[in-house]
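Chains, contacts and geometry: an overview
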Amino acid sequence: MDVVVGEKISEISKLIDGIKKKSRNIGAIIAFIGVVREKSRGRRVSRLYYEAQENIAREVLGKLIAQIREKYGLIDVAVEHRTGYADIGEEVLHIVCASEHRSEAIAAIEELIDRVKIEAPIWKKEITTTGEYWVREREPPRLRVVIDGSEVPLNPFVQKIISKTILAMLSTLRNVSLKGDERVVVKVFSSGKNNSGGTGEKE
Amino acid sequence: MITIRFYAWIREKFGIRELRIDKKPQTLCDLLQLLRGEIGEKADILFDGDGIKGGIMIGINNRLVRLDRLEDIYLRDGDIIDIMPLGSGG
């Protein structure tokens, strides 16, 4: 397990090499690289500034990693987050998950990315051509619907209704026991009428 | 003395990096009530009705604390309290 919150983070290749050496049972490594982009909510970003309460951020990330490792049965996890100023194109967040099979690592990294962003006390300020703005995250949504890569905006009331309906249906299935803190992913694969050759994925 | 430190946009809205409180409140709940009095009309940045707003995180001496039982968290002289917004990293 590796947690870094500071002005310097490891190169992703070194992080992956280090994890690869941890176990001969690793069959899949999934890596996420967060990069500073120029456009954000219609504004042109010059650079970003990251502030952190570093001690608490390390504690939170350590606990989060332990939780995710146990939940998905991962072999190893690394999370490294930059602080200070970062220019366009610079890498600011590295997350690497290693597991025996790819499915656990893919599911784990998605949850980690979402949770690292809001649970760790690390804050992003966008320095743009029109001013400086702190990015303020909202509480995470109860439900997220993505169709062919585009997220469908849903208000909290609709999120609640759809998620409760899905959970109620799932809870009736044999071998499904829901405690209430699960992260449920439903993927719908529909073949379009005009698409005889392929399969459209609705996630 | 208890020191309260503010972070990111909360710090900028208050216009101060830290606040020192000479009185020694017994619990974190008491401290927050004192703070509410100190910040006056800016209280709505942190408070929602009787409680702390959703998304606000609090640390004591570099450890994050749970906010569901503030009255059970006892303070000692010299404690450093961090008041932080929800993260926005990545």
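Everything in this summary refers to the structure shown in the same document. All values derive from a computational prediction rather than experimental measurement.

Looking now at the interface of chain B and chain A. Each partner contributes to the interface: chain B provides 18 residues, whereas chain A provides 25 residues. Contributions of two or more residues to the side of chain B that touches chain A are made by α1 (8–14), β5 (57–60), β6 (63–64) and β7 (80–84) of chain B. The residue inventory of the side of chain B that touches chain A, partitioned by class, reads eight nonpolar, eight polar and two charged.

Our next topic: the environment of Tyr7 of chain B. Looking at where Tyr7 of chain B falls in the secondary structure, it is placed in the loop between β1 (2–6) and α1. Residue Tyr7 of chain B is classed as buried on the basis of its 21 C-beta neighbours within 10 Å.

Moving on: the environment of Gly27 of chain A. Residues and elements named next belong to chain A. Positionally, Gly27 belongs in the loop between α1 (12–20) and β2 (28–35). Under the C-beta neighbour-count criterion, Gly27 is labelled partly exposed, with 14 such atoms within 10 Å. Sequence separation between Gly27 and Val116 is 89 residues; the distance between their C-alpha atoms is 24 Å. Not counting the four nearest positions on each side in its chain, Gly27 is found in contact with Glu100 and His101.

Residue and element names in this part refer to chain B. Covered by surrounding structure in β1 are Ile2, Ile4 and Phe6 only, the residues Thr3 and Arg5 on the alternate face being uncovered. Inspection of the sheet shows β1 paired to strand β2 (residues 18–21) by four bridges, in the antiparallel sense. Bridge assignment links Thr3 to a residue of β2, and that residue is Arg20. Across four bridges, β1 lies against β7 in parallel orientation. When the bridges of β7 are listed, Phe6 appears paired with Ile83.

Moving on: the sheet that holds β2 of chain B. Here we have five strands laid out as an open sheet, ordered β2-β1-β7-β5-β6 (chain B), and mixed in their pairing. Of all strands in the sheet, those bounded by a partner on one side alone are β2 and β6 of chain B.

Each value, and the rule that gives it
In every chain, residue numbers begin from 1 and rise along the written sequence. By the order in which they are written, chains take letters starting at A while ligands take numbers starting at 1. Only residues with pLDDT of at least 70 are given local features in this predicted model, and only at 80 or more are side-chain atom pairs given and counted; all residues enter the totals for whole chains, interfaces and linings. In this description, any two residues whose backbone-derived C-beta atoms lie within 7 Å of each other are considered to be in contact. In this description a helix means any DSSP run of H or I spanning at least four residues, a strand means any run of E spanning at least two, and both kinds are numbered starting from the N terminus. Lys, Arg, Asp and Glu make up the charged group, whereas Ala, Val, Leu, Ile, Met, Phe, Trp, Tyr, Cys and Pro make up the nonpolar group; the residues left over, Gly among them, are polar. Counting other C-beta atoms within 10 Å of its own, a residue is labelled buried from 20 upward, exposed at 12 or fewer, and partly exposed in the gap between, with every C-beta atom placed from the backbone. By the convention used here, strands pair only if DSSP detects at least 2 bridges between them.

Nothing here speaks to function; it is all geometry.
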